[in-house]
Amino acid sequence: MSATAGRLLALLGLLQSRADWSGAELAARLDVTGRTVRNDVARLRDLGYPVDAVRGPGGRYRLGVGGRLPPLVLDDEEAVAIAVGLRAANAVAGIEESSARALGKLEQVLPDRLRRQVAALRDATSAGPVNTDSNVTDPAVDPALLTALAAAIRDHQGLRFWYREQPREVEPARLVAWQRRWYLVGRDVASGGWEPFRVDWLELRTPGGRRFTPVEPPFDLTEFVVREVARTGWAVHARILVHAPAHEVLDRINPAVGTVEPRDDATCVLVTGGDSIETVAVWIGMLGLDFTADGPPALVEHLALLSRRYAAAVRG
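Computed from a predicted structure; not experimentally measured.

A. Geometry of the side chain of Arg160. Its place among the elements puts Arg160 in strand E4 (residues 159-163). No salt bridge is formed by the buried Arg160, whose closest oppositely charged neighbour, Glu169, lies at an N-O distance of 4.8 Å. At a separation of 2.5 Å, a polar atom in the side chain of Arg160 contacts the main-chain carbonyl oxygen of Pro207. If sequence neighbours within four positions are ignored, Arg160 has contacts with Arg168, Glu169, Glu203, Leu204, Arg205, Thr206, Pro207, Gly208 and Gly209.

In structure tokens, the structure reads:
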């Protein structure tokens, strides 16, 4: 925070602490000149905070009507950025109500001019369907669980939890939000290996793990999550033989869809997955390449159903 911004926060806090102040008192409390106080009062007014001047020896200042506000000083871009972020958080299952309440509180503490801008942005925008790439409902995330995980990362406190019915002990390093999912990235205490864990699949155990000295990861943790989720983090996994060279498949997929294992000059294996059989089938079809699928059985059955459905559609 800049010195000026910090001083403005301090000045606003003083003006809220009692009915009125003389310019000399404010200058003494802030350790600045009277001219700086006048300039800072002008800055607060420019931001929309109602600071009234009371005539008298040395000048006196007080907050006007609507001035009993928390010391929140934001410029236009900062206010809009926070509002957009809170608006986007409405798409995350489990914290929709919390983000909506936070947005409402933000509007209450902003000065009138910024409040009108944020309200206009809120009223002029809408959100499309949240889940557009899967037929599976987005998992709800418990804000209290996210808070506990974040605190463990901050305090270098080990975690013990159940994950897919297996007990795990992990040194947590980062929370990563991706594809409307939350992932905890941590270092397994037993093996020393790094792993991503879907937050909605874990259940904390008490007591937790031991405090630890953080180990610097050998890679970018966000990229690691994307790569590992494509390989192991989905509810459904499949290995698809694609009748095309690896470089051609790599040119056609997003890294989030899966990884490619070369076999020879004409074929490769796509390791992919998704939250449902239907989602995996869609991704495979979007390759636009010939392929062979021999598992899992539910995927093979669904592809056969799609084949009959599409053939019937063409005949019709």
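B. Just the environment of Gln16, in detail. The residue Gln16 is located in helix H1 (residues 3-17) in this model. Sequence-wise, Gln16 and Leu63 are 47 residues apart; in three dimensions their C-alpha atoms are separated by 7.0 Å.

C. Summary view of helix H10 (residues 277-285). For H10, the complete set of buried residues consists of Ile277, Thr279, Val280, Ala281, Trp283 and Ile284. On its buried face, H10 sits against strand E9 (236-242), strand E11 (268-274), strand E12 (291-292) and helix H11 (297-315).

D. A look at the pairing of strand E3 (residues 60-63). Side chains of E3 alternate between two faces, with Tyr61 and Leu63 buried and Arg60 and Arg62 left unburied. As judged from the two bridges shared by strand E1 (residues 21-22) and E3, these two strands associate in the antiparallel manner. Bridged to Ser22 within E3 is Arg60. Across four bridges, the pairing between strand E2 (residues 51-54) and E3 is antiparallel. Bridge pairing in E3 places Val54 opposite Arg60.

E. Local environment of the environment of Asp275. On the secondary structure map, Asp275 appears in the loop between E11 and H10. In sequence terms Asp275 and His237 are 38 residues apart; their C-alpha atoms lie 9.0 Å from each other.

F. Molecular detail of the sheet that holds E11. Strand order in the open sheet formed by four strands is E10-E11-E9-E12, with antiparallel pairing between adjacent strands. Edge strands, defined here as strands with exactly one partner in the open sheet, are strand E10 (258-262) and E12. Where E9 lies against E11, seven bridges are found, and the strand directions are antiparallel. Paired with Ala238 across the bridge in E11 is Thr272. Lying over the sheet, H10 contacts E9, E11 and E12, oriented at roughly 140° with respect to E11.

G. Just the sheet that holds E4, in detail. Sheet architecture is open: five strands sit in the order E7-E6-E5-E4-E8, paired in antiparallel fashion. With one partner strand each, in any of the chains shown, strand E7 (194-198) and strand E8 (202-204) form the two edges of the open sheet. With direction set aside, neighbouring strand axes in the sheet form an average angle of 50°. Bridge count for E4 against strand E5 (residues 166-178) is five bridges, and the pairing is antiparallel.

H. Seen up close, the pattern of salt bridges. A full pass over the atoms with the stated rule returns 11 salt bridges. For Asp20, the salt bridge goes to Arg60, with nearest N and O atoms at 2.6 Å. Placement of the pair is Asp20 in the loop between H1 and E1 and Arg60 in strand E3, with a sequence separation of 40 residues. Assessed through its relative accessible area of 25%, Asp20 is described here as partly exposed. Look at the salt bridges and you will find they share partners, linking Arg7, Asp40 and Arg43 into a network.

I. Structural detail: unusual backbone geometry. In this chain, Thr206 is followed by Pro207 through a cis amide linkage whose omega measures -5°. Considering the arrangement of structural elements, one finds Pro207 in the loop between E8 and helix H8 (221-232). A cis geometry characterises the amide bond from Gly295 onward to Pro296, with omega recorded as -5°. Following the sequence through the fold, Pro296 ends up in the loop between E12 and H11. The phi angle at Arg164 is positive, at roughly 50°, despite the residue not being glycine. You can see Arg164 is positioned in the loop between E4 and E5. When its relative accessible area of 43% is taken as the criterion, Arg164 is described as partly exposed.

J. Here's a closer look at the pairing of E7. In terms of burial, E7 is a largely internal element, four of the five residues being buried. Relative to E7, strand E6 (residues 181-188) runs antiparallel, the two being bridged by five bridges. Bridge pairing in E7 links Val185 to Pro196.

What counts and what doesn't
- Residues numbered from 1 in each chain as written.
- Predicted model: local features only at pLDDT ≥ 70, side-chain atom pairs only at ≥ 80, totals over all residues.
- Heavy atoms only, no water.
- Helix = DSSP H or I, 4+ residues; strand = E, 2+ residues; numbered from the N terminus.
- Buried < 20%, exposed > 50% of the residue type's maximum accessible area, 1.4 Å probe, protein only.
- Lys, Arg positive; Asp, Glu negative; His and termini not counted.
- Salt bridge = Lys/Arg side-chain N within 4 Å of Asp/Glu carboxyl O.
- Polar contact = N/O pair within 3.5 Å; in protein donor to acceptor, adjacent residues only side chain to side chain.
- Contact = heavy atoms within 4.5 Å.
- Pairing = 2+ DSSP bridges.
- Axes fitted to C-alpha atoms, helices over the stretch in contact; angles between N-to-C directions.

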